Amino acid sequence: MSFHIVIPARYASTRFPGKPLALINDKPLIAHVVQAANTIDCISVTVATDHEDIAQAAATAGAEVTMTSAAHESGTDRLAEVARLKGWGDETLVVNIQGDEPEVDADLIQQLVTCAQRHPNAALATVVTPLKSLDDLHNPNVVKAVRLDDDRVLYFSRAPIPYNRDQRDCLTACYRHLGLYAYRVGALHAFANNGSAALENIEKLEQLRFMAMGETIVATEFHGELAAGIDTPEDLANYQQRLNQ
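Residues take numbers from 1 onward in each chain, read along the sequence in its written order. For a predicted model such as this one, the threshold for reporting local features is a pLDDT of at least 70, and the threshold for listing and counting side-chain atom pairs is 80 or more; totals across whole chains, interfaces and linings nevertheless cover every residue. Each side-chain value is worked out from all heavy atoms of the structure, with water and hydrogens disregarded.

1. Here we look at the side chain of threonine 76
Stage number 1. Take threonine 76: it is sitting in helix 3 (residues 75–86).
Stage number 2. Whether two residues touch is decided by their heavy atoms; if any such pair falls within 4.5 Å, the residues are in contact. Apart from residues lying up to four places away in sequence, threonine 76 is in contact with Tyr183, Leu188, Phe191, Glu206 and Phe210. In this text, helices come from DSSP runs of H or I with a minimum length of four residues, and strands from runs of E with a minimum of two, each type numbered from the N-terminal end.

2. So, helix 9 (residues 233–244)
Stage number 1. To estimate the expected span of a helix, count its residues, drop one, and scale the result by 1.5 Å. The end-to-end C-alpha distance of helix 9, which contains 12 residues, comes to 17 Å, matching closely the 16 Å that a straight helix rising 1.5 Å per residue would cover.
Stage number 2. For helix 9, every residue scored as buried is listed here: Leu236, Tyr239 and Gln240. Take helix 9 and look down its axis: the buried residues cluster within an arc of 100 degrees, on one side only.
Stage number 3. Structurally, helix 9 contributes buried residues whose contacts are with strand 2 (23–24) and helix 1 (29–37). Burial classification: accessible surface area is computed with a 1.4 Å probe over protein chains only, and a residue below 20% of its type maximum counts as buried, one above 50% as exposed, and the rest as partly exposed. In this description, the arc belongs to the directions extending from the helix axis to the C-beta atoms.

3. Things to note about helix 6 (residues 185–193)
Stage number 1. Every buried residue of helix 6 is listed here: Val185, Ala187, Leu188 and Phe191. Angular distribution of buried residues about the axis of helix 6 spans 155 degrees; they occupy a single face of the element.
Stage number 2. Each element contacted by the buried residues of helix 6 is listed here: helix 3, strand 6 (93–96), strand 10 (175–184) and helix 8 (207–212).

Okay, structure coming up:
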């Protein structure tokens, strides 16, 4: 398939400083992510970082490396810089894989890209999955999405949406948003060139900037089990244990 993968990886992390360089079986985490990304049928795999040690580890693992600014406020801004430096055309698709997801699902990436290709006028495609619990519905750390039958997303929120007036605690048509994206490069450039939007700042959800810009976001529905990313040292230890087993 004709798309690029970019893996943003920064050294600074509030919960886990230096996370991309944390060792798993004597190999840094970023190398495990690159290894997983290299199994996906794409044009290229690039690690975008502002840290020389991460760059070296990624290159050793077989990824292309692009050094990016340390001033970026989001991974989306970092992707936009990579696209600009590489001169990719506006219609080029770029898939963002987080630098802490060594168990990325190759089939899910293909499903995501297929969704983006099915909607050539969409700025980006993403992934949703049906909400499974009322706790998640009311948890502000679980981002919800309202999605139409034609794949278009109407809104993302930390609030429980859509609100079922007659049955308040109801999961009908409720989706959890999974932070996996396939962007068109032109939309990435527009994002980077526009200031943050009011709703983006209120919800602390950067994808709302695209909506404020009038861009279309589509989502594919995923029904499998998604492996958790590595956010903390405890997550790293759990992943190490799974590998050993």
